[in-house]
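Spelled out from the first residue to the last, the chains are:
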Amino acid sequence: MGVGRLPYNLVSREFRGTSIMAGSKLVLEGRVSINAFVLGLSVLVIPLIRTWFGHHDWVFDYLTETSGKIAICIHIAVINGLLLVVYRGPLYKVAVRACFLGVTFGGGLILSFSETTWTHFGWYMCSLSFFHYSEYLVTAIINPRSLSLDSFLLNHSVEYTLAAVSSWVEFTVEKLTVPELKQLNWLSFVGLLMVLCGEGLRKAAMLTAGSNFNHIVQNEKAQSHVLVTSGVYAYFRHPSYVGWFYWSTGTQVMLCNPVCILGYTIASWRFFRERIEEEELSLIHFFAEDYVEYKKKVPTGLPFISGIRVN
């Protein structure tokens with residue numbers, strides 16, 4: 001059987017492995033990504049400088065004016081020029097992606113702490129950019145042999161891109177037509193909690209699975225593959241999927257996007273139901289009675305999804 005990419009969503013096949021780290025030293029690409037992400041965060045300097053010079057409104061209005069936009073463009077151009085000087089070839093490709101996510105995270109922080117009605121979208125920007133960057137960084141830590149530009153999951157699929165764009169469009173349209181819908185602070189806080197818990201669970205699953213976690217679908221059992229039933233796997237058979245499900249839905253709850261809340265929930269639930277059944281066929285083939293016994297004791301973690309039936 002061959003090896004293929006996931007056709008949809010931010011998930012990966014969870015073949016369990018021991019928590020084997022790639023040595024005590026982070027690989028070069030991982031260190032480059034950290035440097036570039038932090039460099040991207042330097043976009044925070046722009047509003048801070050304005051604050052230091054006596055303007056205490058925290059600059060959202062300034063940043064939306066021509067002068068603020070020019071300042072941001074110049075800043076990003078300088079950063080990119082610096083990356084071009086410091087890094088070459090593949091390392092530059094890593095750096096520019098990590099830097100872009102750092103800039104996005106920084107922009108999200110600016111919105112989050114500004115006196116503006118776009119605060120919740122700032123939370124969303126932070127959540128989305130951190131998710132993609134941490135996917136790369138954690139992969140660099142636990143399984144550097146599988147590390148690639150695809151580990152950022154930025155070019156995951158057309159479907160994923162359309163889903164993201166649809167949420168931005170819905171938020172903007174509803175903010176312009178029914179702005180009070182976007183000021184349900186209690187609902188956005190619920191979404192933020194879902195995002196934080198989902199993100200934490202997914203990363204805990206990756207770290208627990210260790211070097212056997214891979215963003216590429218594995219259809220053949222390697223000698224190093226073992227069935228892990230400890231840590232978060234003692235509570236959910238598919239913790240990475242559970243984490244993604246609640247993270248994804250939580251982003252739309254955070255944005256108070258009723259259409260996308262429903263759409264994301266239905267689409268991801270259907271996908272995970274099919275994915276889990278497909279994966280468990282392989283897991284039963286790999287681990288036989290050990291997985292069957294594990295399956296009897298531990299739920300999938302996703303609502304109304306029990307996995308493949310075993311006689």
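First, a word on what this report is: a plain description of the structure on this page. It should be emphasised that the depicted structure is a prediction, and the values quoted were computed from it without experimental measurement.

Cut-offs used in this document
Residues numbered from 1 in each chain as written. Predicted model: local features only at pLDDT ≥ 70, side-chain atom pairs only at ≥ 80, totals over all residues. Heavy atoms only, no water. Helix = DSSP H or I, 4+ residues; strand = E, 2+ residues; numbered from the N terminus. Buried < 20%, exposed > 50% of the residue type's maximum accessible area, 1.4 Å probe, protein only. Contact = heavy atoms within 4.5 Å. Areas by Shrake-Rupley, 256 points an atom, 1.4 Å probe, with all protein chains shown as cover. Patch = residues over 30% accessible without salt bridge, like charges linked within 9 Å, V, L, I, M, F, W, Y side chains within 5 Å. Salt bridge = Lys/Arg side-chain N within 4 Å of Asp/Glu carboxyl O. Axes fitted to C-alpha atoms, helices over the stretch in contact; angles between N-to-C directions. Parallel < 35°, antiparallel > 145°, perpendicular 65-115°, else oblique. Nonpolar A, V, L, I, M, F, W, Y, C, P; charged D, E, K, R; others polar. Left-handed = near helix turned anticlockwise from the far one by under 90°. Core = buried A, V, L, I, M, F, W, Y, C linked by side-chain atoms within 4.5 Å. Expected span 1.5 Å × (residues − 1). Phe/Tyr/Trp six-rings, centres within 6.5 Å; stacked < 30°, edge-to-face > 60°.

On to the overall build of the protein chain. Assigned secondary structure in the protein chain consists of 11 helices and two strands. Secondary structure of the protein chain in N-to-C order comes out as β-α-α-α-α-α-α-α-α-β-α-α-α. The 311 residues of the protein chain split such that 50% are buried. Across the protein chain, every contact between residues at least 6 apart in sequence was considered, and the portion connecting residues at least 24 apart equals 81%. About 15,000 Å² of surface is accessible on the protein chain, with carbon and sulfur atoms providing 67% of the total.

A grouping of V165, W168, V169 and V173 is seen on the molecular surface, where their side chains present a nonpolar patch of about 320 Å² in accessible area. By secondary structure assignment, the location of V165 is in helix α7 (residues 158-177). Under the relative-accessibility criterion, V165 is labelled partly exposed at 34%.

A few words on the packing of helix α9 (residues 239-254) against helix α10 (residues 258-287). Remark: α9 packs on α10, axes separated minimally by 9 Å, with the N-to-C direction vectors making an angle of 170°. The orientation of α9 with respect to α10, classified from their angle, is roughly antiparallel. In this structure, α9 uses Y241, W244, F245, S248, T249, T251, Q252 and V253 to contact α10, whose residues at the interface are C260, I261, Y264, T265, S268, W269, F272, R275, I276 and E279. Of the residues contributing to the contact of α9 with α10, the split by class is 10 nonpolar, six polar and two charged.

Let's shift gears to the packing of helix α1 (residues 28-41) against helix α5 (residues 89-112). At a minimum axis distance of 7 Å, the contact between α1 and α5 shows a crossing angle of 35°. For α1 against α5, the interelement crossing comes out right-handed. Along the contact surface, α1 presents L28, E29, V32, S33, A36, F37, G40 and L41, while α5 presents L91, V94, A95, A98, C99, L101, G102, V103, F105 and G106. The residue inventory of the contact of α1 with α5, partitioned by class, reads 13 nonpolar, four polar and one charged.

Next up on the list: the nonpolar core. Within the largest apolar cluster, 39 residues are counted, with the highest numbers of intra-cluster contacts made by F121, Y124, Y233, W247, F272 and L302. Those elements that provide at least two residues to this core are α6 (119-142), α7, α8 (185-209), α9, α10 and α11 (289-297). Counting 21 residues, the second largest nonpolar core, distinct from the first, contains Y92, A98, F105 and Y133.

The subject of this paragraph is α6. Counted at 1.5 Å a residue, the expected span for α6 with its 24 residues is 34 Å, and the 34 Å between its end C-alpha atoms agrees. In terms of burial, α6 is largely enclosed, as 22 of its 24 residues are buried.

Moving on, we come to the packing of aromatic side chains. Enumeration according to the criterion identifies 17 aromatic pairs in this entry. For the ring pair F37 and F105, a centre distance of 6.0 Å and an interplane angle of 50° mean the geometry is tilted. Of this pair, F37 sits in helix α1 while F105 sits in helix α5, placing them 68 residues apart in sequence. A relative accessible area of 18% places F105 in the buried class.

Quick look at unusual backbone geometry now. Backbone geometry at L153 places phi at a positive 60°, although glycine is not the residue there. With a phi angle near 50°, A288 is a residue other than glycine that sits in the positive phi range. Looking at the element boundaries, A288 is found in the loop between α10 and α11. Under the relative-accessibility criterion, A288 is labelled partly exposed at 42%.

That is the geometry; function is a separate question.
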